[in-house]
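Spelled out, the chains give:
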Amino acid sequence: MVSALRVESTPPAAEVVPAPPGPRFPLLRAVGGMAGLGLAGALAGQGSALASAPAGLLAGAGVLCLTTPALVVAQQYLRMSAPPSAVVGAVWDAFTRAGLVALGAVPAVAWIAATSDLGPGFAGLLFAAIGAFATLLAIDGLGRAEQRAGGSFAAGSGLGVLWAGLASLVGLRLLFLFTA
């Protein structure tokens, strides 16, 4: 007796496409983007704008150094699910991505500053827009980190909103301190 052997074919294995490599030295690029944006806005010989350009960078660094530990402590105190490394990673990702956006805007701001006296105002508007972009990225990243750890996206995002409020207050105070 001859029996037919039934052979099931398995679907072909999916090709794994490697992700593109991440940027080298992301913190250096982010800081360079923020500093470059401030300096490009003050190009056209505006002495007061050029003198106050580092204040934005110092205020931003101060905000990150002063409020990120508070965020991690609050997250642990509230017994949220995400590990501290994921919380810091969400803030790191937001800052580095916003810094790369700032680095990309430097040529446009330099051109505007060199051809008109709108450079400092335009750079200030871009700083505000990039800061809002970074804040939204951080809030979303905190919510996703909490969700990946089994917690609530809303709880992680809510903590991110509270942190953004604290960071705004600290940033305004530092900006006032460095420019006064």
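The rules we used
Residues numbered from 1 in each chain as written. Predicted model: local features only at pLDDT ≥ 70, side-chain atom pairs only at ≥ 80, totals over all residues. Heavy atoms only, no water. 1 Å grid on protein atoms, 1.4 Å probe; cavity = no way out; pocket = protein on both sides within 12 Å on 5 of 7 lines; lining within 4 Å. Points joined across faces, edges and corners; volume = space filled by probe spheres on them. Helix = DSSP H or I, 4+ residues; strand = E, 2+ residues; numbered from the N terminus. Nonpolar A, V, L, I, M, F, W, Y, C, P; charged D, E, K, R; others polar. Core = buried A, V, L, I, M, F, W, Y, C linked by side-chain atoms within 4.5 Å. Buried < 20%, exposed > 50% of the residue type's maximum accessible area, 1.4 Å probe, protein only. Contact = heavy atoms within 4.5 Å.

Some thoughts on empty space enclosed by the protein
(1) Moving on: Within the structure shown, the criterion is met by one cavity of 30 Å³ or more.
(2) Moving on: Roughly 50 Å³ of internal volume is contained in the largest cavity.
(3) Moving on: As for the largest cavity, its lining consists of Leu71, Gln75, Met80, Ala82, Val87, Leu142, Glu146, Gly156, Leu159 and Gly160.
(4) Moving on: Contributions of two or more residues to the lining of the largest cavity are made by helix H2 (47–77), helix H4 (119–148) and helix H5 (153–179).
(5) Moving on: At three residues, the largest contribution of residues to the lining of the largest cavity is made by H5.
(6) Moving on: Class assignment of the residues belonging to the lining of the largest cavity gives a composition of six nonpolar, three polar and one charged.

Let's talk about the nonpolar core
(1) Moving on: Membership of the largest hydrophobic core comes to 19 residues, with the highest contact counts inside it found for Leu71, Val87, Leu142 and Trp163.
(2) Moving on: Of all elements in the fold, only H2, helix H3 (84–115), H4 and H5 reach the threshold of two or more residues within this core.
(3) Moving on: The dominant element in this core, judged by the number of residues it contributes, is H5, at five residues.
(4) Moving on: With residues near it in sequence (within four places) discarded, Val87 still touches Leu71, Val72, Gln75, Ala82 and Leu142.
(5) Moving on: In this structure, Ala30, Leu37, Ala40 and Ala105 belong to the second largest nonpolar core, which totals 15 residues.

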